[in-house]
Structures are given as structure tokens and as C-alpha cells.
Amino acid sequence: MPIAQHPAGPVHYGRAGEGPGLVLVHGTGGDAATNWAHLVPGLADLRTVITPDYAGSGASADPGGELTLDLLAGQVAAAFEGPSDLVGFSLGAVVAAKLAAERPELVRRLILIAGWTHLADDRLELGLRTWARLARTDPESFAAYGPLVAFSPEFVRAAGTAALMGEAPPGTLRQIELDLKADVRDLLPKITAPTLVVGNTRDYLIPVEHARAMHAAIPGSEYAELDSGHVVLHERPAEITALIRGFLTRELPGES
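All of these numbers come straight from a predicted model, not from anything done at the bench.

1. Comments concerning the environment of Arg212
So, point 1. The residue Arg212 is located in helix H9 (residues 208-217) in this model.
So, point 2. In this structure, the C-alpha to C-alpha distance between Arg212 and Gly166, residues 46 residues apart in sequence, is 30 Å.
So, point 3. Discounting residues that sit within four places of it in the chain, Arg212 has contacts with Tyr223 and Glu225.

2. Notes on the pattern of salt bridges
So, point 1. Tallied over the entire structure, the rule returns 17 salt bridges.
So, point 2. Between Asp45 and Arg245 there is a salt bridge, with the nearest N and O atoms lying 2.7 Å from each other. Here Asp45 is found in the loop between helix H1 (32-36) and strand E4 (48-52), whereas its partner Arg245 is found in helix H11 (residues 237-249), with 200 residues between them in sequence.
So, point 3. Of the charged contacts, one joins Asp183 and Arg185 as a salt bridge, the two residues approaching to 2.5 Å between their closest N and O atoms.
So, point 4. Among the ionic contacts, a cluster of salt bridges with common partners joins Arg47, Asp85 and Arg108.

3. Structural notes on the packing of helix H2 (residues 69-78) against helix H3 (residues 91-102)
So, point 1. Look at H2 against H3: their axes get within 9 Å of each other, and the N-to-C directions meet at 75°. Compared by their axis directions, H2 and H3 come out roughly perpendicular. Contacts between H2 and H3 involve Leu69, Asp70, Leu72, Ala73, Val76 and Ala77 on the former and, on the latter, Leu91, Val94, Val95, Lys98, Leu99 and Glu102.
So, point 2. When grouped by side-chain class, the residues that make up the contact of H2 with H3 number 9 nonpolar, no polar and 3 charged.

The rules behind these values
- Residues numbered from 1 in each chain as written.
- Predicted model: local features only at pLDDT ≥ 70, side-chain atom pairs only at ≥ 80, totals over all residues.
- Heavy atoms only, no water.
- Helix = DSSP H or I, 4+ residues; strand = E, 2+ residues; numbered from the N terminus.
- Contact = heavy atoms within 4.5 Å.
- Salt bridge = Lys/Arg side-chain N within 4 Å of Asp/Glu carboxyl O.
- Axes fitted to C-alpha atoms, helices over the stretch in contact; angles between N-to-C directions.
- Parallel < 35°, antiparallel > 145°, perpendicular 65-115°, else oblique.
- Nonpolar A, V, L, I, M, F, W, Y, C, P; charged D, E, K, R; others polar.

Structure representation (C-alpha cells):
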């Protein structure tokens, strides 16, 4: 597994395919493998796919201290091998938005999936605080809560709870605590890369109106919705891969 250097410690990442770079950023409680490994083959014919693990996930250590968007965005940036397309899921979408706003020279096109702008309402806060409390105090209930908020009812019934429940990576609680304080409202209007925002109509963790708010705040962004729960990467893998491929390969206005 390749390693990028960052002041907080080495950043481990996956690398597959050939061509221009495509960086995929995972979400809270996941890592590069659990979020993206099954989708990489459907993208590696187009791009060199880079899948970093940020602090507390996968092989990348958590350096301790306050976990911040600055730290995670810096770790993701360290894995870039040159200007690249950037896709973020959930917390990864928030991290990717920050990186695109502050390092525009790195990001060619941007796709933000199931993200949010800030802790905008009581429903979002209640869901995240409950998730954090269970992670801190009750591992069994934490494992059960995940499928309830991460997937649509139909997907849970079809997959079975045993297939969807598991132990969280060590950094999960700290990542949820970052979810609660993340705020990119001031950064979103600064994004200049062509951007696609994707929301999920049956997202019970980050309700779809938060993705709509991201889209509204990013000048010139495009928007799409899928009939899915939060973890659309697993619930609708073919559809999300098609959206990513289509946006990366389509000629956009102003391009020759």
C-alpha cells in the first residue's frame, strides 16, 4: 500500500488504474476499502484511482489531539499525485469541499455525495449525537443503529442485519464528533471546480435537504438524487458509478 507523508504521520492509500488522477474520500466509520474497493474496478479504466485513509481509519494512525477538517483535508491532499478529480462521500464530501475551496489548483472536477454544510437542524444533531453516544457506551446498540440510519428499509431486509452489522474502526467516535462541529458554509461559495452534488432521497442519517443545501451554496454546481439510503456506495453501486463516470467524462460548458 503506498504511503504519503504528512506532518501528522504517514497517510496510507490505495492506487489502481492508469491515467489522470481520481481521489476518492471515505466517510465516517469507514475507510478506503470498505467504502470504495468494490467501486474501484468500475473507475480504474478511466483514471488512476487514489483511495486514502484519513486519521483513525484503515492503516492511517490517529495522531491524537483535536480532529479537524484541516487535518483530514491535509491528509487527503498529501495523497494527490498531481491535479486530480475528487469524490467525497459523507464526511468525505465535507473534507473534499474544504480541499476544493482551499486548494483549487489540485481539483479538476468535484463530486460530493451525501454531504452537509453544517449542523443545520435538530434532526441532524439528534441523529449524530445518538450515534456518538452509542459508539461511546454501547457497542452492540451502535452496531444495530448503523443499518437503521445508513440504509433504506428494503436494503436492510434484503441484505440481512448480520451482513450489515460490525465493529467500527477505532477512529469512528472522533470522526462523529467532527461531524457535529464541521461547518463549510463559508467555503462552499469559493469552490471553482465543476461540481456535481448527489443527494439520497431516503437518507436517514444525513437527510437529503442537506445535500440540496450544498448544491445551492456552490456556484454553478449540478445536482442529482438517487432513491437510496445514506450509504449509496453499497446500496446503489451501479447508479453511483454511472453518475461519477458520466460527470468525469462529459464535456462541460466552456471546455473545448
